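Structural characterization, general
One-letter residues, chain by chain:
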Amino acid sequence: MSPAKDVLLEFLGLEDIDALFVDIPPEVRVDNLDLPAGLSEAETVRKVSRILERNRTVGEVTSYLGAGYYDNYVPALVDALLSRSEFYTSYTPYQAELSQGLLQVLFEFQSLVCELTGMDAANSSMYDASTALGEAALMARRITGRREIVIPTLLDGERKAVLANYARGPGIRVREAGYDTEDGTLDLGHLEELVGNDTAATYVEAPSFLGQLDSKVTEVQDTLSGALLIVGVHPLAQAVLRPPGDYGADIIIGEGQSLGAWMNFGGPSLGLFACRQEHIRKMPGRVIGLTKDRRGDRAFTMTLQTREQHIRKGKAMSNICTNESLLAVGAAIYLAFQGARGLRSLATNLMDRARELMGHLDGVPGFQAPLFPGSYFNEFPVAHKAPFATLRERLARHGLNGGVDLSTVLPQAAPASLFAVTDRHTPDDFQELVRALEGGK
Amino acid sequence: MTFRQARNDEPLLIELPQEVDGTIGPSARVPEDLRRTELGIPNLEEFQVARHFTRLSQMNYGTDSGFYPLGSCTMKYNPKYAESLAASPKARRLHPQQPEETVQGALQILFELQEMLARVAGMDEVSLQPVAGAQGELTGLLMARAYFEERGEDRSEVVLPDTAHGTNFASATMAGYDVVEIPSKEGVVDLGALEGAVSERTAAFMLTNPNTLGIFESEALTIAKLVHAQGALLYYDGANLNAILGKTNPGKMDFDLAHFNLHKTFSTPHGGGGPGAGPVGAHGPLTEFLPLPLAAYDGVRYRLDYDRPKSIGKVRAFYGNFGVLLRAYAYITRMGADGLLRVTERAVLHTNYLRARVEEYLPVPFGGLRKHEFVASAAPLREKGVRAIDVAKRLIDYGIHPPTIYFPDLVDEALMIEPTESVTQEGLDAFVDAIALIKEEDPDRLRAAPQNAAVARVDEVSAAKRPILSWRMMDR
């Protein structure tokens with residue numbers, strides 16, 4: 001026992017440390033934790049590093065995986081600034097005066113999300129895109145009082161699965177609108193059929209789950225019959241795509257991982273959530289507002305807190321408390337680093353690379369790229385004669401990894417994968433991929 | 001004990017001088033109907049961006065800046081080895097859909113962390129998927145729903161004590177339950193009220209133990225019997241787990257479901273509000289309903305187990321916040337059984353010492369020991385026109401992050417104080433000295449606090465009345 005401890009115990013007039021735990025009755029006491037003994041810092045680092053060594057990163061196995069998470073280059077500046085422990089070791093900025101730095105950054109993050117999406121307001125993060133979609137469905141239910149949501153059947157399975165659970169509590173029914181099997185675009189007719197007077201919202205994505213730039217999303221606003229329009233975006237694509245607010249979006253969600261975050265094996269990532277001004281009091285999550293201090297100087301604070309659980313309890317808009325603030329800080333740094341020009345050039349670059357890879361893959365016997373005609377952003381569906389598992393094994397033998405399996409999303413189609421490019425891929429990578437595919441075996 | 005925070009008049013990003021031409025034209029690669037013509041994001045030099053965010057960081061306060069006794073938040077020190085491990089490309093450059101053979105290390109960490117947490121909590125199995133305490137709650141309640149649906153029981157209520165965290169109420173509502181709130185008696189669950197509230201309509205009773213007053217609910221087993229007698233489940237809110245490591249655990253107290261807050265108990269940084277991780281443990285038949293997938297190990301290879309037909313499915317994409325889970329894994333490895341026990345003992349010792357000393361100046365309602373935190377009342381200062389918020393803001397001038405205020409509701413003018421293990425005796429005494437000074441200070445001075453922070457008292461009322469949430473709303 002350390003000397004300092006003795007002094008404190010003595011002050012309390014206690015014999016030993018156990019005297020502090022006599023309120024835990026013997027029937028529920030345990031003797032110790034069933035865990036190994038501790039290690040030194042050096043041993044800990046060696047042990048954990050050795051385990052991590054067993055991973056083969058996408059830097060070691062060149063990969064074309066995407067579907068929401070991308071290995072785009074993270075500028076050194078983002079990590080450098082995120083290592084400021086004034087940011088990363090702080091709590092939720094409940095005490096505004098002591099937290100102006102973080103509050104201003106989060107206000108800027110919200111503003112930047114609004115610039116990308118064309119919305120008036122954004123919150124300061126959701127857990128990820130899948131939960132942002134779940135929360136958007138709940139918000140639409142609150143605003144409209146209706147109980148159904150229509151989503152495209154061509155949608156990430158993770159998002160569908162999470163939405164199903166968020167929909168369970170309030171009993172929201174989820175209906176799936178089909179697609180045109182000729183070109184993979186939205187089936188507007190089917191969508192319109194599904195939308196009725198109990199539809200709270202229609203959800204579409206731009207680009208689509210398959211990476212397609214489908215102009216039909218701009219016509220969805222004509223099919224709504226009083227339902228809200230929720231649009232899922234890819235934030236980097238927003239540098240070249242029209243803000244969905246222009247074509248009637250009420251709520252916008254998205255996966256913000258590509259805004260300067262690492263993939264982290266899927267988490268943490270960053271749920272983006274923005275809406276029109278008239279809906280802000282129904283919005284979930286923490287929001288930062290601009291105000292003044294007592295001297296009349298500009299100041300920032302958490303605001304509209306009466307929507308939140310720590311004030312409103314069971315009547316809150318959501319249960320969210322801990323969110324992904326630090327990733328929002330990273331996204332603000334990333335967007336400021338890129339600027340409009342950097343973002344525009346990155347987006348164009350990704351589209352060019354995607355076209356380049358598409359051309360290469362389409363030339364490989366047994367491959368069709370893209371599976372559906374049309375314009376694509378950074379990823380596109382590829383049909384291949386070989387089953388997905390066979391293709392994966394073949395590429396693994398060459399130290400490569402292809403795209404995401406589409407068999408559950410396109411069950412009736414031939415084997416297909418979703419190939420994504422990043423700003424780290426080089427023309428040599430594409431050549432290597434083509435050689436591996438053409439080499440057979 | 002004087003403290004002065006940086007007071008940089010840092011402009012907004014859009015107000016910084018832009019020397020780069022930012023115009024962008026439409027892209028021909030994009031179908032005409034979808035083309036964008038302008039983008040209102042400023043174009044800056046890298047050094048401008050670096051200075052902007054560095055200057056803003058100087059106007060923020062973390063656990064590396066000083067004492068942070070924010071009740072219920074467990075603001076302990078975040079060790080740097082965990083940060084450097086999590087920054088490895090071997091952790092960060094992994095795509096969630098890589099073949100399992102390329103992510104054996106990541107799966108090993110997930111699997112072993114599941115096992116470690118199960119042992120810490122006395123639960124049979126743990127899912128690492130929920131990414132926050134509140135999401136753990138939602139997950140547990142959705143599991144309860146699925147469990148009762150399978151049994152053909154229609155249960156529509158969740159019972160909560162009045163000391164419960166706000167998230168418990170909101171999570172119950174989100175999971176589709178009606179909330180029944182019961183009053184406390186002497187700062188703990190009123191067993192009579194509980195017995196009256198729990199019925200065949202009850203799906204679960206949610207309990208934080210030690211509760212938000214820092215008091216251990218010694219009648220835990222009686223509570224469990226009452227709840228289970230009605231066929232209802234008992235849910236453990238793990239926000240305050242830091243107080244009982246190696247002393248007791250939720251399994252031992254007969255809880256059926258429990259969540260952890262790795263960003264509290266296991267020292268992963270709060271990140272200004274997140275990311276966190278809120279794994280959920282389950283006992284007995286409840287394990288079958290845990291989210292998909294769990295990490296599994298056959299003695300040779302690690303894999304993801306999706307073959308759990310009764311699972312509720314997913315509450316978040318993929319496997320949770322891996323980066324946070326990795327930090328917690330490193331922390332538990334480093335601390336071990338002995339280290340974690342010492343953490344709890346120190347945290348509890350600090351709390352009881354600080355409580356005894358603060359009580360010299362302010363009342364601390366309800367007697368007995370405290371565990372991780374205690375709640376003092378600033379009510380005696382009301383007669384001079386001073387409120388808990390004034391005490392909190394004045395503490396800033398003394399270089400101390402204020403406690404949680406006005407929670408829990410059952411203490412008038414509540415100051416909820418959680419010192420954690422990460423403070424010296426001198427630090428604790430400095431807090432007491434500050435309270436002693438504040439008690440005697442001129443009320444006007446207290447109401448004018450803080451003086452030494454980046455800004456003076458912030459007007460939160462007009463912020464809410466006329467919300468300005470973005471640059472574009474500033475001009476309206």
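Just so it is clear, the model here is predicted, and its values are computed rather than measured.

Conventions used here
- Residues numbered from 1 in each chain as written.
- Chains lettered and ligands numbered in written order.
- Predicted model: local features only at pLDDT ≥ 70, side-chain atom pairs only at ≥ 80, totals over all residues.
- Heavy atoms only, no water.
- 1 Å grid on protein atoms, 1.4 Å probe; cavity = no way out; pocket = protein on both sides within 12 Å on 5 of 7 lines; lining within 4 Å.
- Points joined across faces, edges and corners; volume = space filled by probe spheres on them.
- Helix = DSSP H or I, 4+ residues; strand = E, 2+ residues; numbered from the N terminus.
- Nonpolar A, V, L, I, M, F, W, Y, C, P; charged D, E, K, R; others polar.
- Salt bridge = Lys/Arg side-chain N within 4 Å of Asp/Glu carboxyl O.
- Buried < 20%, exposed > 50% of the residue type's maximum accessible area, 1.4 Å probe, protein only.
- Pairing = 2+ DSSP bridges.
- Axes fitted to C-alpha atoms, helices over the stretch in contact; angles between N-to-C directions.
- Contact = heavy atoms within 4.5 Å.
- Domains from an automatic or database assignment.
- Buried area = accessible area lost by both parts, 1.4 Å probe.
- Expected span 1.5 Å × (residues − 1).
- Bend = angle between axes of the 7 residues up to and from the residue.
- Polar contact = N/O pair within 3.5 Å; in protein donor to acceptor, adjacent residues only side chain to side chain.
- Phe/Tyr/Trp six-rings, centres within 6.5 Å; stacked < 30°, edge-to-face > 60°.
- Patch = residues over 30% accessible without salt bridge, like charges linked within 9 Å, V, L, I, M, F, W, Y side chains within 5 Å.
- Areas by Shrake-Rupley, 256 points an atom, 1.4 Å probe, with all protein chains shown as cover.
- Lys, Arg positive; Asp, Glu negative; His and termini not counted.
- Charge placed at Lys NZ, Arg CZ, Asp CG, Glu CD.
- Parallel < 35°, antiparallel > 145°, perpendicular 65-115°, else oblique.
- Left-handed = near helix turned anticlockwise from the far one by under 90°.

**Quick notes on the layout of surface pockets**
Remark: the empty space left among the atoms is shown by a probe the size of a water molecule rolled over them. When its volume is computed, the largest pocket comes out at roughly 1,000 Å³. If you trace the largest pocket, you find 43 residues lining it, with Tyr94(A), Gln305(A), His310(A), Ile311(A) and Ile405(B) closest to the centre. Going through the elements one at a time, β10 (298–303) and α9 (309–312) of chain A together with α5 (133–150), α6 (166–174), α9 (262–265), α11 (388–397), β13 (404–405) and α14 (460–465) of chain B are the ones with two or more residues in the lining of the largest pocket. A volume near 620 Å³ is recorded for the second largest pocket. Of all the secondary structure elements, the ones that give two or more residues to the lining of the second largest pocket are α7 (157–168), α11 (388–397) and β14 (404–405) of chain A. It is α7(A) that provides the largest number of residues to the lining of the second largest pocket, a total of three residues. For the lining of the second largest pocket, the per-class residue count stands at 14 nonpolar, six polar and six charged.

**Here's the deal with the pattern of salt bridges**
One pass over the full model with this rule turns up 47 salt bridges over all chains. The salt bridge involving Arg155(B) is made with Glu153(B); its shortest N-O contact spans 2.7 Å. Take Arg155(B): its relative accessible area is 11%, and that puts it in the buried class. Judged by relative accessible area, Glu153(B) falls into the partly exposed class, the value being 24%. One continuous salt-bridge network, built from bridges that share partners, spans Arg147(A), Glu148(A), Arg173(A), Arg175(A) and Asp198(A).

**A look at the sheet that holds strand β9 (residues 280–282) of chain B**
Pairing between the strands of a sheet comes from backbone hydrogen bonds, and it takes one of two forms, parallel or antiparallel. All names here are of chain B. Strand order in the open sheet formed by seven strands is β1-β9-β8-β7-β6-β2-β3, and the pairing between neighbours is mixed. The sheet terminates laterally at β1 (125–127) and β3 (178–182), the two strands that pair on one side only. For this sheet the average axis-to-axis angle between neighbouring strands, irrespective of direction, equals 25°. Two strands pair when backbone bridges link them, and strand β2 (residues 157–161) and β3 are joined in this way by five bridges, in the parallel orientation. Following the sheet pairing, valine 159 is matched in β3 by valine 180. Against the sheet, α5 makes contact with β2, β6 (202–208), β7 (233–237), β8 (257–259) and β9, and its axis sits at roughly 170° relative to β7, the strand it touches most.

**Points about the domain arrangement of chain B**
All names here are of chain B. Taken as a whole, chain B is organised into domain 1 (81–334) and domain 2 (339–463). Contacts between the two partners involve 24 residues from domain 1, matched on the other side by 21 residues from domain 2. Summed over both sides, the interface between domain 1 and domain 2 buries roughly 1,700 Å², with carbon and sulfur atoms accounting for 65% of that surface. The interface formed by domain 1 and domain 2 includes one salt bridge.

**Concerning helix α10 (residues 325–362) of chain A**
Residue and element names in this part refer to chain A. Taking 1.5 Å of rise per residue, the 38 residues of α10 would be expected to cover 56 Å, yet its terminal C-alpha atoms sit only 42 Å apart, more than 12% below that figure. If you look at α10, its biggest bend is around 90°, right at glycine 339. Within α10, 27 of the 38 residues are buried, which leaves it mostly tucked inside the rest of the structure.

**Looking at the domain arrangement of chain A**
Residue and element names in this part refer to chain A. Assigned domains within chain A: domain 1 (62–74 + 339–438) and domain 2 (76–334). On a C-alpha basis, the centres of domain 1 and domain 2 stand 27 Å from each other. With 31 residues of domain 1 at the interface, the matching set in domain 2 holds 32 residues. Both sides together, the interface formed by domain 1 and domain 2 hides about 2,600 Å², and carbon and sulfur atoms give 68% of it. Looking only at domain 1, the three residues that lose the most surface to domain 2 are Tyr69, Val74 and Phe377, adding up to 27% of its buried area. Our count for the contact surface shared by domain 1 and domain 2 stands at zero salt bridges. Our count for the contact surface shared by domain 1 and domain 2 stands at eight residue pairs in polar contact (both at pLDDT 80 or more). Taken together, the elements giving at least two residues each to the side of domain 1 that touches domain 2 come down to α10 and β12 (379–384). Per-element accounting of the side of domain 1 that touches domain 2 gives the leading share, seven residues, to α10. When grouped by side-chain class, the residues that make up the side of domain 1 that touches domain 2 number 20 nonpolar, seven polar and four charged.

**Examining the packing of aromatic side chains**
All names here are of chain B. The full count for this structure, using the stated rule, is 20 aromatic pairs over all chains. A ring pair is formed by tyrosine 147 and phenylalanine 289, whose centres lie 6.1 Å apart and whose planes are at 90°; its orientation type is edge-to-face. One end of the pair, tyrosine 147, is in helix α5; the other, phenylalanine 289, is in the loop between β9 and β10 (294–297), and 142 residues separate them in sequence. Accessibility expressed as a relative area gives 10% for tyrosine 147, which makes it buried.

**Section: empty space enclosed by the protein**
Residues and elements named next belong to chain A. Under the criterion given, the structure shown has six cavities of 30 Å³ or more. Lining the largest cavity are 19 residues, with Gly68, Tyr70, Arg159, His234 and Glu379 sitting closest to its centre. Built from parts of two domains, the lining of the largest cavity gets at least three residues from each of domain 1 (62–74 + 339–438) and domain 2 (76–334). Taken as a whole, the second largest cavity spans an internal volume of roughly 120 Å³. In this structure, the second largest cavity is lined by 14 residues; those nearest its centre are Pro152, Leu154, Leu186, Ser208 and Asp214. Among the residues making up the lining of the second largest cavity, the classes are represented as eight nonpolar, four polar and two charged.

**Remarks on a negative patch on the surface**
On the surface, Glu192(A), Glu193(A), Glu219(A), Asp222(A), Glu32(B) and Asp33(B) cluster together into a patch of negative charge. Within the element layout of this structure, Asp33(B) appears in the segment before α1 (46–57). By relative accessible area, which is 41% here, Asp33(B) ends up partly exposed.

**A closer look at the packing of α10(A) against helix α12 (residues 427–438) of chain A**
All names here are of chain A. As a packed pair, α10 and α12 sit with axes 10 Å apart at the nearest point and diverge in direction by 20°. Of the possible angle classes, the one that applies to α10 and α12 is roughly parallel. Note on packing geometry: the crossing formed by α10 with α12 is right-handed. Residues Arg353, Glu356, Leu357, His360 and Leu361 of α10 touch α12, and the partners they reach there are Pro427, Phe430, Gln431, Leu433, Val434 and Leu437. For the contact of α10 with α12, the per-class residue count stands at seven nonpolar, two polar and two charged.

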